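Coordinates in review
These are the residues of each chain, in order.
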Amino acid sequence: MADDLDKPASTKEASPKRSRRRRKPKVEPSTDNPPSTKGLTEQVAVWREAAEQARVPLKIPEALISNDALRIVEKLNDQGHLSYVVGGCVRDLALGTEPKDFDVVTTARPQQVRRAFRYARIVGRRFRLVHVRFGRDRMIEVATFRAEAPEAREGEDLLVRDDNVYGAPEEDARRRDFTVNGLFYDPISGAVVDYVDGMKDLRNKLIRSIGPADKRMQEDPVRILRAIRFAAKLGFELDGKLERAIRKQGAKILRCSPARLWEELLKILRSGHAAQAFPLAQKLSFLEHLLPEVSQSMAQSEDAHIALLEALDALVAERGQAPDDLVLLAVLVLPLLPSESPRKAL
């Protein structure tokens, strides 16, 4: 489409009654126009120097690190970019467990990442990402560093609907949900870049919001589900401010799209720790907003729900993967049905 805009105007004579003017293309905040090579080099140098102040040495066994993620980081860095392994995989590596998925974050724009790898595809609307594939069943998600969401004015809705703005590495870390997920790992130097005290919270086994918890839950209420899932999965405690924010802002979960809520709910049911997550959601008075029928049923017969959730967790642990989505749904629905089957009633 960009090539079409560069073509000369048609030489065909236009009708005098209908002269057509070419519209200027709308420029989105996340434009893919990268800085010049000189500008990029200077910018990366500044960011590398800032990262030195936030480095925490961390010895991670090479066997735990994805070779695919390492190849992406090395190739992008060789092209003059700054790239890290990021997010939940860094959290898991720091805890000594092998991550299921690896993500990479970089200064390279999506189009630059796509051109750097043969099997790469740009995806996403809210924010563009690149899926880089290695073989049929291996994929690494690559994102560009993002800026923090702009401050809302007093009285404005805090729900973030558009955050398509590129930014600096520290900004990207501070816009993430929880400190334990805001860590960068440099596999070249073998160090964690920690702008948010995430390593401290890992040692203290604490899920803590980056920034004011009340505000962050309003910006994206799905973070409430994520906080509960991480606390259940890792066996961590919720920070007091975060717990109070969940109680206060829980009803705002209904403002999120059903597709996102269903996806996060499935992640909890597939996690192998559903028997810890749902009672925690009930304790925080959050389940009554998300699944009011399930919440009411748990209040009356919690043991029945816990028994099914524990059976599901055992099945996930035994198989190494979750059963079909219909089975997951049945675990929630079965306790809501009448205790007597129609056959027995007859």
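Look a little higher up for the structure.
Along each chain, residue indices are assigned from 1 in the same order as the chain's sequence is written. Only residues with pLDDT of at least 70 are given local features in this predicted model, and only at 80 or more are side-chain atom pairs given and counted; all residues enter the totals for whole chains, interfaces and linings. Side-chain figures throughout are based on the complete set of non-hydrogen atoms in the structure, without hydrogens or water.

A short note on a nonpolar patch on the surface
- A cluster of nonpolar side chains, namely Trp-262, Leu-326, Leu-329, Val-333, Leu-334 and Leu-337, defines an oily patch on the protein surface of about 550 Å² accessible area.
- When residues in the nonpolar patch are grouped by element, the largest group, three residues, is from helix 16 (residues 325-333).
- Exposure categories follow from relative accessible area, calculated using a 1.4 Å probe and restricted to protein chains: below 20% of the type maximum is buried, above 50% is exposed, and the middle band is partly exposed. Taking relative accessible area as the criterion, Val-333 reaches 34% and is therefore assigned partly exposed. Each patch is built from residues lacking any salt bridge and having more than 30% relative accessible area; the joining distance is 9 Å for like charges and 5 Å for nonpolar side chains (Val, Leu, Ile, Met, Phe, Trp, Tyr). Using a 1.4 Å probe, accessible areas were evaluated by the Shrake-Rupley method; residue-level cover was limited to the displayed protein chains. The term salt bridge refers to a side-chain nitrogen of Lys or Arg lying within 4 Å of a carboxyl oxygen of Asp or Glu. Counting from the N terminus, the helices are DSSP H or I runs at least four residues long and the strands are E runs at least two residues long.

A short note on the nonpolar core
- Nine residue types can take part in a nonpolar core, namely buried Ala, Val, Leu, Ile, Met, Phe, Trp, Tyr and Cys, and a core is a set of them joined through side-chain atoms within 4.5 Å. Counting residues in each nonpolar core, the largest one holds 75 residues, and the members touching the most others are Ile-207, Phe-278 and Phe-286.
- In terms of residue count, the dominant contributor to this core is helix 9 (residues 222-234) (nine residues).
- By the convention used here, residues are in contact when the closest approach between their heavy atoms is within 4.5 Å. For Phe-286, the residues in contact, after removing those within four places along its chain, are Ile-224, Leu-225, Ile-228, Ile-246, Gly-250, Ile-253 and Ala-281.
- Residues Ala-51, Ala-54, Ala-168 and Ile-210 belong to the second largest nonpolar core, which totals 17 residues.

A few points about the pattern of salt bridges
- This structure, assessed with the given rule, holds 17 salt bridges.
- Between Arg-138 and Asp-68 there is a salt bridge, with its nearest N and O atoms 2.7 Å apart. Here Asp-68 lies in helix 3 (residues 67-78) and Arg-138 lies in the loop between strand 5 (129-133) and strand 6 (139-144), a separation of 70 residues in the sequence.
- Among the residues examined, Asp-68 registers a relative accessible area of 9% and is labelled buried.
- Among the ionic contacts, a cluster of salt bridges with common partners joins Arg-229, Glu-263, Glu-264 and Lys-267.

Just distances and angles here, no functional claims.
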